[in-house]
Amino acid sequence: LLYVIERGEGVLRCIDFDTGVEVWRTDPIARTDGSLAIADGALAYGSCANALHVYGAKEGRRINTIALCGDCQVASGPALIGGEIYSGSRSGHFFRSDARTGAVMWTNQDSTKEVFTTPAIDKDVVVFGSEDGKVYCLHRDSGQQKWSIDTGGLPTSPVIASDKAIVGADGALLFLKLDSGEEI
């Protein structure tokens, strides 16, 4: 199956990859600039409606709509793992939400500008870049900041590889120690 989001109205379409036939589509939500995450039979994405949206991957049934703060449009791709959604927002707030219940489990407000990057997750931490030029590492269970570093540029979506966080910033590729944020 192929999933496509219509940017203008946030309609999510499921297309049979082999035939090109539309399998299902959702109702319009709001403008959607980010990508979607897929895990454990669910799809999650954010929109300019200040919310995260969760659907079943096979049938397109709405599982949840998770309301965020008033200036929390989501223009990035969220991460979906173990039934939890991790996502930044236009306000700079970063959220951990439960995809099934719709509960916001914690909110981090350390970023001073928009968070449009897709976060990287491991068993203990979540790492994301912000328009304030910093890369943040939060404790996954509490949302408390473990470390942050100023990249001197605009960070891209990070990846976690073993004990490192890797992120681009204005043409430089930074390798950071995952436990401290120290540049390698």
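This text follows the structure it describes.
Report on the accompanying structure. Note on numbering: residues in each chain are counted from 1, in written sequence order. Where totals are concerned, whole chains, interfaces and linings use all residues; where local detail is concerned, this predicted model gives features only for residues with pLDDT of at least 70, and gives and counts side-chain atom pairs only at 80 or more. The side-chain figures draw on all heavy atoms in the structure; neither hydrogens nor water molecules are used.

**Some words on a nonpolar patch on the surface**
- Think of a patch as exposed residues, more than 30% relative accessible area, with no salt bridge, where like charges cluster within 9 Å and nonpolar side chains (Val, Leu, Ile, Met, Phe, Trp, Tyr) cluster within 5 Å. Computed by Shrake-Rupley with a 1.4 Å probe, the accessible areas treat only the displayed protein chains as cover when residues are assessed. Put simply, a salt bridge is a Lys or Arg side-chain nitrogen that is within 4 Å of an Asp or Glu carboxyl oxygen. A contiguous nonpolar patch, built from L2, V4 and F17 and spanning about 290 Å² of accessible area, is present on the exposed surface.
- Under the scheme used here, helices are H or I runs from DSSP no shorter than 4 residues and strands are E runs no shorter than 2 residues, and both carry numbers assigned from the N terminus. By the element assignment, F17 lies in the loop between β2 (11–15) and β3 (22–25).
- F17 gets classed as exposed once you look at its relative accessible area, which sits at 65%. For each residue, the accessible area found with a 1.4 Å probe, counting protein chains only, is set against the maximum for its type, and the residue is called buried under 20%, exposed over 50%, and partly exposed in between.

**What to know about unusual backbone geometry**
- Backbone geometry places N50, a non-glycine residue, at a positive phi of 55 degrees.
- You can see N50 is positioned in the loop between β5 (42–47) and β6 (51–56).
- Not every positive phi belongs to a glycine, and S162 is a case in point at roughly 60 degrees.
- Mapping S162 onto the fold places it in the loop between β16 (159–161) and β17 (164–169).
- Looking at S162, the relative accessible area reads 66%, which means it is exposed.

**Examining the sheet that holds strand β11 (residues 104–108)**
- The antiparallel open sheet is built from four strands, whose spatial order is β8-β9-β10-β11. Lying at the two open borders of the sheet, with one neighbouring strand each, are β8 (79–81) and β11. Going from strand to strand, the sheet's axes swing by 15 degrees on average, the running direction of each strand aside.
- Pairing between two strands requires that DSSP report at least two bridges joining them. Here three bridges tie β8 to strand β9 (residues 84–88), and the two strands are oriented antiparallel to one another. Axis definition: a line fitted to C-alpha atoms, over the contacting stretch in the case of helices. Angles run 0 to 180 degrees between N-to-C directions.

**Considering the environment of T151**
- Assignment of secondary structure puts T151 in the loop between β15 (145–150) and β16.
- The class of T151 is buried, set by a relative accessible area of 17%.
- Each C-alpha atom of the pair T151 and A44 lies 29 Å from the other, and the pair is 107 residues apart in sequence.
- Contacts are residue-level and defined by heavy atoms, with any inter-residue pair within 4.5 Å sufficient. With residues up to four places along the chain from it excluded, the contact list for T151 reads G133, V135, A169 and L174.
- Each polar contact in these results corresponds to two N or O atoms within 3.5 Å; when the atoms are within protein, one needs to be able to donate a hydrogen and the other to accept it, and residues that are neighboring in sequence are counted only if both atoms are side-chain atoms. Side-chain polar atoms of T151 contact the backbone oxygen of G133, separated by 2.7 Å.
- Separated by 3.1 Å, the side chain of T151 and the backbone nitrogen of G153 make a polar contact.

**Details of the side chain of S76**
- Tracing the chain through its elements places S76 in the loop between β7 (62–67) and β8.
- With residues near it in sequence (within four places) discarded, S76 still touches G34, S35, S87, G88, V115, F116 and T117.

By themselves, these are just geometric observations and shouldn't be taken as functional.
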